[in-house]
Amino acid sequence: EAAWSKEFMMTAGWLAPEDSTPIPEYRSFSKEIVSDCSKRRQGRLDIYIDNDLKWGVELLREGDRLEEHIQRFGPTGAYSGLELNEFAIVDFRYTNRVVRELKILSELANHVWYIIVESNFTTATIQRPGEPDQIIHLVGDGQSESPTHE
């Protein structure tokens, strides 16, 4: 997950508008009002993009605790204290893994993006609920163009 986070941060830094900054490991507190601050549920969002965007991004690998991460964005979840315009849970997987059906059937599940990476890292397929699959070509360090396919 750390490798994907670094790559995602670098790309977000290039693509975000000049007045927005990707912030890693962004801390939030739930909206639940408690007199004792130590009882507040705290969340640590993988990436927050500030200013007018107010985007939250959680990164996962192989669906690890996916349902738990979805619930963090719910009305009583760990990220409920954040004012987010949009959020995504990005789940990186390899082609030898099967994307399983979510047990949680809610509108929050529509925010999950599956990135299925080929074992040779030349292509990845983006899968989103209700959207057609999108295949992207990955370009590594030192390459100037996408790989060619015969």
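Residues numbered from 1 in each chain as written. Predicted model: local features only at pLDDT ≥ 70, side-chain atom pairs only at ≥ 80, totals over all residues. Heavy atoms only, no water.

Peer 1: In this structure, what is going on with the packing of aromatic side chains? I would like to understand it.
Peer 2: Between two aromatic rings, the relevant description is the distance of the centres plus the angle of the planes. Overall, the coordinates contain 4 aromatic pairs when judged by the stated rule. Centroid distance Phe73 to Phe87: 4.1 Å. Interplanar angle 5°. Geometry classified as stacked. Of this pair, Phe73 sits in the loop between α2 (66-71) and β4 (86-94) while Phe87 sits in strand β4, placing them 14 residues apart in sequence. Of the aromatic side chains, those joined through ring pairs into one cluster are Phe73, Tyr79 and Phe87. (Phe/Tyr/Trp six-rings, centres within 6.5 Å; stacked < 30°, edge-to-face > 60°. Helix = DSSP H or I, 4+ residues; strand = E, 2+ residues; numbered from the N terminus.)

Peer 1: Would you mind going over the pattern of salt bridges with me for this structure?
Peer 2: Where charged atoms from two side chains of opposite charge approach closely, those side chains can pair. Under the counting rule described, the total for this entry stands at 7 salt bridges. Taking the shortest distance from any N to any O, the salt bridge between Arg44 and Glu25 comes out at 3.9 Å. With Arg44 in strand β2 (residues 42-49) and Glu25 in strand β1 (residues 22-29), the pair connects residues that are 19 residues apart, well separated along the chain. For the salt bridge of Arg93 with Asp91, the shortest nitrogen-to-oxygen distance reads 2.6 Å. For Asp91, a relative accessible area of 0% translates into the label buried. (Salt bridge = Lys/Arg side-chain N within 4 Å of Asp/Glu carboxyl O. Buried < 20%, exposed > 50% of the residue type's maximum accessible area, 1.4 Å probe, protein only.)

Peer 1: What's the story with the side chain of His69 in this structure? I'm lost.
Peer 2: The residue His69 is located in helix α2 in this model. Owing to a relative accessible area of 5%, His69 belongs among the buried residues under this scheme. Reaching out from His69, the side chain makes a polar contact with the side chain of Arg72 at a distance of 3.2 Å. Apart from residues no more than four positions distant in its own chain, His69 is found in contact with Glu58, Leu60, Asp64 and Ile89. (Polar contact = N/O pair within 3.5 Å; in protein donor to acceptor, adjacent residues only side chain to side chain. Contact = heavy atoms within 4.5 Å.)

Peer 1: How should I be thinking about unusual backbone geometry in this particular structure?
Peer 2: Outside of glycine, negative phi angles account for most residues, and trans bonds account for most peptide bonds. The backbone of Glu25 sits at a positive phi, close to 50°, despite the residue not being glycine. On the accessibility criterion, Glu25 (43% relative accessible area) is partly exposed. Backbone geometry places Phe121, a non-glycine residue, at a positive phi of 60°. In this fold, Phe121 is placed in the loop between β5 (112-117) and β6 (123-127).

None of the figures reported here should be taken as evidence of function without further support.
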